[in-house]
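Each chain, written out:
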Amino acid sequence: MKSGRFSTAGCGGASLIEVLVAILVLSLGLLGLAGMQAQGLKAMSSAQSRALASLQVQDIVDRMRANRARADEGAYDLAAGDAAPGGDTVAAQDLRQWKAALASLLPEGDGSIARSASADAPGHCERADSCFFWITVQWLALGEDDVEVRSDASGSRAVEAEIRARRLQRIVVVAVL
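*Asks:* I tried to follow the nonpolar core on my own but got confused; where do I start?
*Replies:* Where a protein is soluble and globular, its nonpolar side chains tend to be buried together. In this structure, Ile60, Met64, Tyr76, Trp98, Ile113, Ile135 and Val137 are the most contacted members of the largest nonpolar core, which totals 23 residues. Among the secondary structure elements, those contributing two or more residues to this core are helix H1 (14-66), helix H3 (90-105), strand E2 (132-142) and strand E5 (166-175). Those residues in contact with tyrosine 76 that lie beyond four places of it in its chain are Ile60, Arg63, Met64, Asn67, Arg70, Ala71, Val90, Ala91, Asp94, Leu95 and Ile113.

See the structure below:
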């Protein structure tokens with residue numbers, strides 16, 4: 001009759017290899033999970049910026065509707081990069097508040113407003129009753145790494161990883177007041 005003992009004579013190290021393989025598979029799975037988490041955070045940040053930009057577009061459209069006569073006259077026309085106009089008019093105050101909100105809510109946020117006779121492309125509008133308003137909000141968002149190959153003065157080529165941490169994002173809305 002055999003006793004209840006197990007023989008370990010033929011197992012020399014097989015359990016250790018199985019444990020190491022299991023740890024390797026687990027670590028690869030955790031790395032994949034961390035990568036997915038990072039992508040999710042990046043997408044969430046982008047979605048938040050887009051939502052804030054959309055709210056700011058709606059804000060300036062509402063302000064322009066409240067001051068329609070001045071908007072039709074071009075008081076709200078403003079190029080990207082330009083400072084909001086000075087003065088105590090409602091339009092000037094609206095533009096200052098809007099530009100300040102863009103700068104504080106979005107990374108390097110900026111905006112522009114242009115009147116146009118066409119909904120297809122911005123341009124000049126002669127008749128106030130037929131103007132379209134092109135409202136653009138732009139900001140810088142996280143981007144991808146860009147690898148660039150450069151040659152120095154001696155002719156040797158060196159690969160430099162140049163991180164482009166930001167790329168321009170835009171929301172363009174064509175509105176009729």
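Now that the structure has been shown, the text picks up again.
*Asks:* Can you help me understand the side chain of glutamine 56 in this one?
*Replies:* By the element assignment, glutamine 56 lies in helix H1. Overall, glutamine 56 belongs to the buried group, its relative accessible area being 10%. If we ignore the near neighbours within four places in the chain, the residues touching glutamine 56 are Trp98, Ala101, Leu102 and Leu105.

*Asks:* Would you take a moment to explain the packing of H1 against H3 for this structure?
*Replies:* The packing of two helices is summarised by the inter-axis angle and the distance between the axes. Following both chains from N to C, one finds H1 and H3 inclined at 175 degrees, their axes separated by 11 Å at the closest point. With respect to H3, the element H1 is oriented roughly antiparallel. Taken together, the residues of H3 that come into contact with H1 (itself represented by Leu52, Gln56, Val57, Asp59, Ile60 and Arg63) are Asp94, Leu95, Gln97, Trp98, Ala101, Leu102 and Leu105. Per-class residue counts for the contact of H1 with H3 are eight nonpolar, two polar and three charged.

*Asks:* What am I meant to see in the confidence of the model for the protein chain here?
*Replies:* When pLDDT is averaged across the protein chain, the result is 77; 69% of the residues are at 70 or more. Across the protein chain, the element-wise mean pLDDT spans from 39 in strand E4 (residues 157-163) up to 94 in H3. Overall, residues 144-152 carries pLDDT values under 50, and its contacts beyond four positions in sequence, including any with other chains, amount to 25 contacts.

*Asks:* How should the environment of lysine 42 be read in this particular structure?
*Replies:* Topologically, lysine 42 is positioned in helix H1. Residues lysine 42 and alanine 141, spaced 99 residues apart in sequence, show a C-alpha to C-alpha distance of 9.6 Å.

*Asks:* Looking at this structure, I do not really get unusual backbone geometry. What am I missing?
*Replies:* A negative phi angle characterises most non-glycine residues, just as the trans form characterises most peptide bonds. The phi dihedral of glutamate 108 falls on the positive side, at around 50 degrees, and the residue is not glycine. As for its position among the elements, glutamate 108 is in the loop between H3 and strand E1 (110-116). The class for glutamate 108 is exposed, based on a relative accessible area of 57%.

Definitions and cut-offs
Counting of residues starts from 1 at the beginning of each chain's written sequence and follows it residue by residue. The model is predicted, so local features are restricted to residues of pLDDT at least 70 and side-chain atom pairs to those at 80 or more, both for listing and for counting; the totals for chains, interfaces and linings are taken over all residues. To get the side-chain values, take all heavy atoms of the structure and skip hydrogens and water. Here, nonpolar core refers to any group of buried Ala, Val, Leu, Ile, Met, Phe, Trp, Tyr and Cys residues whose side-chain atoms link them within 4.5 Å. Only protein chains enter the accessibility calculation, which uses a 1.4 Å probe; a residue is then buried when its area is under 20% of its type maximum, exposed when over 50%, and partly exposed in between. Helix numbers and strand numbers start at the N terminus; a helix is a DSSP run of H or I with at least 4 residues, a strand a run of E with at least 2. Residue contacts follow a heavy-atom distance rule, with two residues in contact if any of their heavy atoms lie within 4.5 Å. In this analysis an axis means a line fitted to C-alpha atoms, helices contributing only their contacting stretch, and an angle means the value between N-to-C directions, from 0 to 180 degrees. Every angle not falling under 35 degrees, over 145, or within 65 to 115 is termed oblique; those three ranges are roughly parallel, roughly antiparallel and roughly perpendicular. Only Asp, Glu, Lys and Arg are considered charged, only Ala, Val, Leu, Ile, Met, Phe, Trp, Tyr, Cys and Pro nonpolar, and every remaining residue, Gly among them, polar. Values of pLDDT, ranging from 0 to 100, describe the predictor's confidence in every residue of the model.

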